[in-house]
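Each chain is listed here by its residues.
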Amino acid sequence: MMTAAKTISFTLNGDAVTADVKPHHNLVELLQGQFGLTGARESCGQGLCGCCTVLVNGRAVSGCLYLAHFIDGAEVITVEGLATREALDPVQEAFIETGAFQCGYCTPGFVLMVKQLLDEHPEPDDERIKHYLTGNLCRCATYPQVIEAVKLAAKKRQGSKAA
Amino acid sequence: MATTLQGDPSAKVGHQVGRSLPRLEARDKVSGRAEYTHLMRLPGMLTGKIVRSTVAHGRIKSIDLSAARAVPGVHAIVTADDIKKVIPNPYYGPAFHDQPILAIGKVHYVGEPVAVVLAADPHVAEEAAQLIVVDYDELPAVFDELEAAKNEILVHEELKPAGTFADLKHLKGAKGTNMALDFKLRRGDVKKAFAEAAQVFEHTFRTQKVLHLAFEPFASIADAKDTGVTIYSGSQGPSFVRTEIARLLGWPENKVRIKVPFLGGGFGSKLYIKMEALATALSLIARRPVKIALNMDEQFYTITKHPSTFRIKSGVDKDGKLIARECEIWWNGGAYADIGPRVTQKSGFTASGPYDIENVAIDSYALYTNLTPAGALRGFGIPQLVWAYESHTDMIARALKMDPYDFRKKNLLREGRPQATGTVLKDAAIETVLDRIAERLDWKKPFDRGTGVVRRGRGLAVALKAVISPTTSVAIVNVAADGSVTLYCGTIDMGQGSDTSMAQMVGDILNMPAETIRVVQRDTDVTPYDMGTLGSRSLFHMGHAVRLAAEDARNKLQQLARDAGLPEGANVPITEIFQKKYGMQAGNVIGTGTYKPDYVPPQPGTGMTPNATPFWMVAGAGVEIAVDTETGHVKIEKLVNVADCGKPINPRIVETQLSGGSLMQLGFTMFEKMNIDGGQVTNASLADYKIPGLHDVPATMENIAVDTYQSNGPFGGKGVGEVSTFGVSPAIANAIEDAVGVRLTELPLNAEAVFRALRAKAGKPLEEE
């Protein structure tokens, strides 16, 4: 614990920021401890449940395993960075409209993973959805509704592009 | 993945009940901004890391703190001796005062908290905790409930009932026993009926130890000051926590404040005292806020579901009518009673199942063992019972060469008939539920049984539960002078959508959109008493309290209008009523409601009562499966959940509860199991303890709330949180026998268990491990 902190710089939800991190700090600790962002949260601590999902350079990572040091110079998006003052992200809207969560603890992770899925595959079928979301677990088992949400979000994104 | 639900989910102006309104807190949850205790921090806060017992039963010889003390940044290290300085008698529990805040002299299970390191930096606390060396004199331990019943190895030297439950008082000071409750029910003459029966069947079933595994692990933050203590906690029962902490401290309840934000899952784990007493004691010692927030692996050492053994024996007459049933259930309660004795008694009421049987004998035993304590998990013991009685019922039907559906239909308990306790069945659509399951499975039509390696089968099960009683709920509805409405109720929204459903009831009565109603975050300084969010009781009990509070507010608003000289029945906006009365935007109208249903406790020895419960829960499941006979792998192709939950207050939430509950039970049925070796859990992590994921969802799922109305329920509704867990396990076991002719009597029904059974049937059994 006596190890020295290092100052890193990165982009957090569009803002250029710096932080002092120790070698053992993970991304979740950094976001919660220094930026007060609790959307990424540790549950299993093993990178299996997806509750700690953060987008680093557009790719979902498990924030509980991802060392904070690694984001030096990266572009980091957390769930708090998706909505604007005007509107929620279409994925967030779709999760609300389909009721695709219960306790909500895993929801930010699902939302971010679905965002990456739809960025890469705008019209995913069931198999693709399951493949992408294998690393996101929901103890309330709101899975059927999540599949609905992904499909609705895909439609919303298509619609907004057409308009 | 089609899902269907009866009822029109579309909104109607004026009618809030029956709308599939999205959850009130939905935007906060999808934005990652909903509050959970595990994510909270207070200024000046210390974090505690727990040192846990490594032995299942033993005397603590010494605790060496020297290396831990030397770690820079450690604020304090606390053992039971320190705890006793601030709480002289530090034992807690809802049924027995048997659980110490930290182990005193002895440990009773692997994982029991022995010491705590406090530090500002959690990493420092964790490192120091690992340097503490505890030396034990190991004692013999008992893990199996049947072994525990022999009383050869004793978990506790003396039993200490809390005094809150009348049926436990006789156990005060009891020695030489592991039995924390023995519930008996006697109806008719079972012995005589067995003698007269054409055939008698007897089987024994077992369930394994499984975990709630809420994704927000247990967390409490206590901030104890000389003027009082505030505890932030992920608790399903803040009123109980307040009472119990006040008792431990010898303080009045008004000096103890419990604040509960949203819960990241509960499923029964976060009831009664969990981390609250420890956090409070630590904060008193440190004179700073202290947070105890567990890691996932520590949840395996906090509270679990009860493993069980159920011996069930039935007699049938020559026409296939059940005439006698004898049930003996042993509940493996672990090292501390928690709510186990209540599980034992309340589930004992319905252990003979949803059948009309003249002669019934039930014995239900709560047993201490040297394992992680067991409590309530989504069903309060009922899923363990249904697993046994619906497997058994199916086996009888097959032995009698009767269709399992027809056999059930012949023996079902029907409206107006006395249930095993003697309480007459009312508003319990057992037959409708069974019929709907059969209909959705096309039960009477030919079924494709598969050929070659993959064989198909189907099964069904139906169940009955009595909601626990008697319990009390209190609610407050506050109308502000601008006409906006705030609801104060102690029901914890842990994902079941209670805030939304309660707001819908208020909105219906006050004629305003439910989404405009604010539901106050739980805070015992402002939210009134509620017994707890458990056992599917809240929608009914708190629902009534909320309804009464809203009606009271409506009546008081009408009185206010009369006082202000407004004409009777005038359609004046609420804000104008206040304006007229107080001359400005000022004042409040406070409506209150308290609800406690009638109840008659069961007679000791016979379990008979004319009023066992204010409402019955009824549900069942049907499945179609495919079994790979070369691997034993079972694929669930179709899962139908049918429930009588009265009138759905929010149909979408009801559907999600039915779906989610059944999928959780699917995990408990197919693969979840805590592996235990010498009392040590060998798979205490999500990497080694698999829970259902997206790939485990059956290709076809149907969730159906049958069209019913609970005549004494608020807006015709009743609880739905647990019901879809009931039928899943036996329905699948019944389908496995239907497919490949083997019967499994122990959960989980994993590929190895099925394959072993197939090999045994073929006369080529595999060696035991």
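Calculation criteria
Residues numbered from 1 in each chain as written. Chains lettered and ligands numbered in written order. Predicted model: local features only at pLDDT ≥ 70, side-chain atom pairs only at ≥ 80, totals over all residues. Heavy atoms only, no water. Helix = DSSP H or I, 4+ residues; strand = E, 2+ residues; numbered from the N terminus. Buried < 20%, exposed > 50% of the residue type's maximum accessible area, 1.4 Å probe, protein only. Contact = heavy atoms within 4.5 Å. Polar contact = N/O pair within 3.5 Å; in protein donor to acceptor, adjacent residues only side chain to side chain. Pairing = 2+ DSSP bridges. Right-handed = clockwise from strand over helix to strand, strands pointing away. Axes fitted to C-alpha atoms, helices over the stretch in contact; angles between N-to-C directions. Domains from an automatic or database assignment. Buried area = accessible area lost by both parts, 1.4 Å probe. Salt bridge = Lys/Arg side-chain N within 4 Å of Asp/Glu carboxyl O. Nonpolar A, V, L, I, M, F, W, Y, C, P; charged D, E, K, R; others polar.

1. Examining the environment of Thr-613 of chain B
Residues and elements named next belong to chain B. Positionally, Thr-613 belongs in the loop between strand S23 (588-595) and strand S24 (616-628). Owing to a relative accessible area of 6%, Thr-613 belongs among the buried residues under this scheme. Separated by 126 residues in the primary sequence, Thr-613 and Ala-739 have C-alpha atoms spaced 38 Å apart. If sequence neighbours within four positions are ignored, Thr-613 has contacts with Ala-466, Val-467 and Ser-469. Of note is the side chain of Thr-613, whose polar atom sits 2.9 Å from the backbone oxygen of Phe-615.

2. With respect to the pairing of strand S13 (residues 256-260) of chain B
Residue and element names in this part refer to chain B. The alternating pattern of S13 places Val-256, Ile-258 and Val-260 on a buried face and Arg-257 and Lys-259 on a face that is not buried. Both strand S12 (residues 228-233) and S13 contribute to a ladder of four bridges, which runs parallel. When the sheet's bridge partners are listed, Ile-231 is paired in S13 with Ile-258. Of the crossover connections in this fold, the one passing from S12 over helix H7 (residues 238-249) to the parallel S13 is right-handed. With two bridges connecting them, S13 and strand S22 (residues 522-523) associate as antiparallel partners. The residue bridging Lys-259 from the neighbouring strand is Asp-523, located in S22.

3. A look at the sheet that holds strand S2 (residues 15-21) of chain A
Residue and element names in this part refer to chain A. The strand order across the open sheet built from five strands is S2-S1-S5-S3-S4, with neighbouring strands paired in mixed fashion. Edge strands, defined here as strands with exactly one partner in the open sheet, are S2 and strand S4 (59-62). Neighbour-to-neighbour, the strand axes of the sheet open up by a mean angle of 40°, direction not taken into account. Alignment of strand S3 (residues 53-56) against S4, held across four bridges, turns out to be antiparallel. Following the sheet pairing, Val-56 is matched in S4 by Arg-59. Running over the sheet, helix H1 (residues 27-35) touches strand S1 (6-12), S2, S3 and S4 and is turned about 105° from S2.

4. Structural notes on the pairing of S23 of chain B
Residues and elements named next belong to chain B. The two faces of S23 differ: Val-589, Gly-591, Gly-593 and Tyr-595 on one face are buried, but Asn-588, Ile-590, Thr-592 and Thr-594 on the other face are not. Pairing between strand S19 (residues 473-480) and S23: eight bridges, direction antiparallel. Each bridged residue has a counterpart across the sheet, and for Ala-475 the counterpart in S23 is Gly-593.

5. Brief notes about the domain arrangement of chain A
Residues and elements named next belong to chain A. Assigned domains of chain A: these are domain 1 (6-81) and domain 2 (90-162). Between the C-alpha centres of domain 1 and domain 2 the distance comes to 21 Å. Facing 17 residues of domain 1, the contacting portion of domain 2 comprises 15 residues. Summed over both sides, the interface between domain 1 and domain 2 buries roughly 1,200 Å², with carbon and sulfur atoms accounting for 59% of that surface. When the buried area of domain 1 at its contact with domain 2 is split by residue, Arg-41, Leu-55 and Val-79 rank highest and sum to 37% of it. In this structure, the connection of domain 1 to domain 2 is made through one salt bridge. Among the ionic pairs, Glu-120 bridges to Arg-59, the shortest N-O distance being 3.0 Å. Along the contact surface separating domain 1 from domain 2 lie five residue pairs in polar contact (both at pLDDT 80 or more). Secondary structure elements with two or more residues in the side of domain 1 that touches domain 2: S3 and S4. Residue contributions to the side of domain 1 that touches domain 2 peak at three residues, all from S3. Of the residues contributing to the side of domain 1 that touches domain 2, the split by class is eight nonpolar, six polar and three charged.

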